[in-house]
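Fold and contact review
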Amino acid sequence: MPTPYFLYEEQLQQIKAILLETFDGEDVKIILLNLGEPRSSRNSMEVAIGILPRSPYNRKKLIYSMEKIEEINFPYTVDLIDLSRVSESLRNHLLEGGDLWKGWE
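Notes on the structure follow. (Residues numbered from 1 in each chain as written. Predicted model: local features only at pLDDT ≥ 70, side-chain atom pairs only at ≥ 80, totals over all residues. Heavy atoms only, no water.)

**Regarding the sheet that holds strand β1 (residues 28-32)**
On the basis of which strands lie adjacent, the open sheet formed by 4 strands has the order β3-β2-β1-β4 and mixed pairing. Each edge of the open sheet carries a strand with a single partner, namely β3 (77-82) and β4 (99-102). Pairwise comparison of adjacent strand axes, ignoring direction, gives a mean angle of 25 degrees for this sheet. Across 3 bridges, the pairing between β1 and β4 is antiparallel. Within the sheet, the bridge partner assigned to isoleucine 31 lies in β4 and is leucine 100. Sheet contacts for helix α2 (residues 60-71): β2 (46-53) and β3; angle to β3, the most-contacted strand, approximately 165 degrees. (Pairing = 2+ DSSP bridges. Helix = DSSP H or I, 4+ residues; strand = E, 2+ residues; numbered from the N terminus. Axes fitted to C-alpha atoms, helices over the stretch in contact; angles between N-to-C directions. Contact = heavy atoms within 4.5 Å.)

Printed below as a string of structure tokens:
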């Protein structure tokens, strides 16, 4: 029987695949954000993913992505954050220690 950590990682990879497919061809970075909890601890009930565009992009893709993510029944809250809409200091703080899933085109 798979462990909870394995199931978490498997579903996190599904989320990553959804985002990579949705934002394919878009000039955005996709980053799994570190919200301050230890990376080895997966007890947090929230996952935050930042989208950082280098140029204008289709924001409707955020909504589409969330709909697709909800379909996989991920047992944690998933927040997609448009990092172009937060202050530079907050953006820099959120990006510290994040895992880059997609770089700019």
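**A word on the packing of aromatic side chains**
Centre distance and the angle of the planes are the two values used to describe a pair of aromatic rings. Enumeration according to the criterion identifies 4 aromatic pairs in this entry. Ring centres of tyrosine 8 and phenylalanine 74 lie 5.7 Å apart, and the angle between their planes is 45 degrees; this geometry places the pair in the tilted category. In this pair, tyrosine 8 is assigned in helix α1 (residues 4-22) and phenylalanine 74 in the loop between α2 and β3, connecting sequence segments 66 residues apart. With relative accessibility at 10%, the residue phenylalanine 74 sits in the buried group. The interplanar angle of 55 degrees and the centroid separation of 5.3 Å between the aromatic rings of phenylalanine 74 and tyrosine 76 together place this pair among those described as tilted. The structure contains a cluster of three or more aromatic residues connected by ring pairs, namely Tyr8, Phe74 and Tyr76. Lysine 29 extends its terminal NZ or CZ atom over the ring of tryptophan 104, reaching a point 4.3 Å from the ring centre. (Phe/Tyr/Trp six-rings, centres within 6.5 Å; stacked < 30°, edge-to-face > 60°. Buried < 20%, exposed > 50% of the residue type's maximum accessible area, 1.4 Å probe, protein only. Lys NZ or Arg CZ within 6 Å of the ring centre and 35° of its normal.)

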